[in-house]
Every structure is written in C-alpha cells, then in structure tokens.
Amino acid sequence: MKVKVSRKASFNAAHRLYRPDWSFEKNEAVFGKCNNPKFHGHNYELIVSVHGEIDPETGYVMDMKVLKDLIKAHVEDAFDHKNLNLDVPEFKDTNPTAENIAVAIWKRLRPHVNSASDLEIVLYETPRNFVTFSG
Ligand code: NI
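Residues numbered from 1 in each chain as written. Predicted model: local features only at pLDDT ≥ 70, side-chain atom pairs only at ≥ 80, totals over all residues. Heavy atoms only, no water.

**Side note on the coordination of the nickel ion**
Phase 1: Every protein donor of the nickel ion is listed here as H15 (NE2), H40 (NE2) and H42 (NE2), and their distances to the metal cover 2.1 Å.
Phase 2: Written as a sequence motif, the donor residues of the nickel ion are H-x24-H-x1-H. A residue pair is termed long-range when its members are at least 10 positions apart, and H15 in strand 1 (residues 2–15) and H40 in strand 2 (residues 40–53) qualify at 25 residues. No difference in accessibility class separates H15 from H40, as the two residues are buried. (Donors = N, O, S within 2.8 Å, 3.2 Å for Na, K, Ca; no water. Helix = DSSP H or I, 4+ residues; strand = E, 2+ residues; numbered from the N terminus. Buried < 20%, exposed > 50% of the residue type's maximum accessible area, 1.4 Å probe, protein only.)

**Some points on the pattern of salt bridges**
Opposite charge on two side chains lets them pair, provided their charged atoms get close.
Phase 1: Overall, the coordinates contain six salt bridges when judged by the stated rule.
Phase 2: Close ionic contact of D69 with K65 constitutes a salt bridge, the shortest N to O distance being 2.7 Å. Highlighted residues: D69 and K65, both in helix 2 (residues 64–79), separated by four residues, approximately one helical turn. (Salt bridge = Lys/Arg side-chain N within 4 Å of Asp/Glu carboxyl O.)

**Quick word on the nonpolar core**
Phase 1: Judged by nonpolar contacts, the single largest core of 31 residues is most densely connected at F11, F79, I101, I105, L109 and L123.
Phase 2: Looking at this core, the elements that each hand over two or more residues are strand 1, strand 2, helix 2, helix 4 (98–109) and strand 4 (118–124).
Phase 3: It is helix 4 that provides the largest number of residues to this core, a total of seven residues.
Phase 4: Discounting chain neighbours no more than four positions away, the residues touching I101 are F11, Y44, F79, L84, F91, P96 and L123. (Core = buried A, V, L, I, M, F, W, Y, C linked by side-chain atoms within 4.5 Å. Contact = heavy atoms within 4.5 Å.)

Shape descriptors only; they carry no functional weight alone.
Structure, rendered in structure tokens:
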C-alpha cells in the first residue's frame, strides 16, 4: 500500500534575480524588485513528501525523525540565513528562483531517500506563491 508522508520546514534567505549578461534595464523589466542589487529576503516554507510503500515491519513509509534530520542537514543548515546567490554553490551561475531552489532541494535530498519511493518538494516563497518539483 502506497502512502505519501510529508514534513514541513522553513528557512530565511536572501537572493537577487538577474542575469549578468543583460542590461540593468532588461533585468529590471523581467525581474522587477527581485533585481534589487542589494538583495532581499524571503521566509521560505517547504513541504517535503515521500510517496512509497508502507514497510510491513515498522508501519512507516519513512521514519519522520530521519526525514526531519535530513532536511536539517541538507537544506536548513545550508540555506538558512544565507545569501543564496553568494553562499550556495548551486546558485553561483543559476538564478535562485523558487523553481531552481526547489530543484536544488530535491537534488540534495534524493540520494538519501529510498530509491523505490517518490520524492516531492513544495516550496513557498511567499504565502501565496509556491512551486512543486517531483523529479
Ligand atoms: Ni525574491
């Protein structure tokens, strides 16, 4: 029997959306306030879901304590109170949009989750704007 189990987490981080190969005017037109050269912050919320078979021995799809610790080690410790453009290697040459952050989180967690289970990341950049990536 397949069940989806989910864990919520959050981090605060700064970012800037821009392309160095575009003029300031074009960046401003496409990215608006998010192109602020002095960066700006978001309170990101995420929901990490693992969809898989219930282990008949434990009754778990995944031990939530293990999932909590994985999110802490690979996402919160790496992203919380960081400047995503400057401090997180995935965004050295990639815009830290919600889309790209969700993909980066998925790639960081995927190796640590049972390969027979599906992994889904929902990332809220604001209470009303959120993205979903599931590989
Ligand atoms: Ni922003």
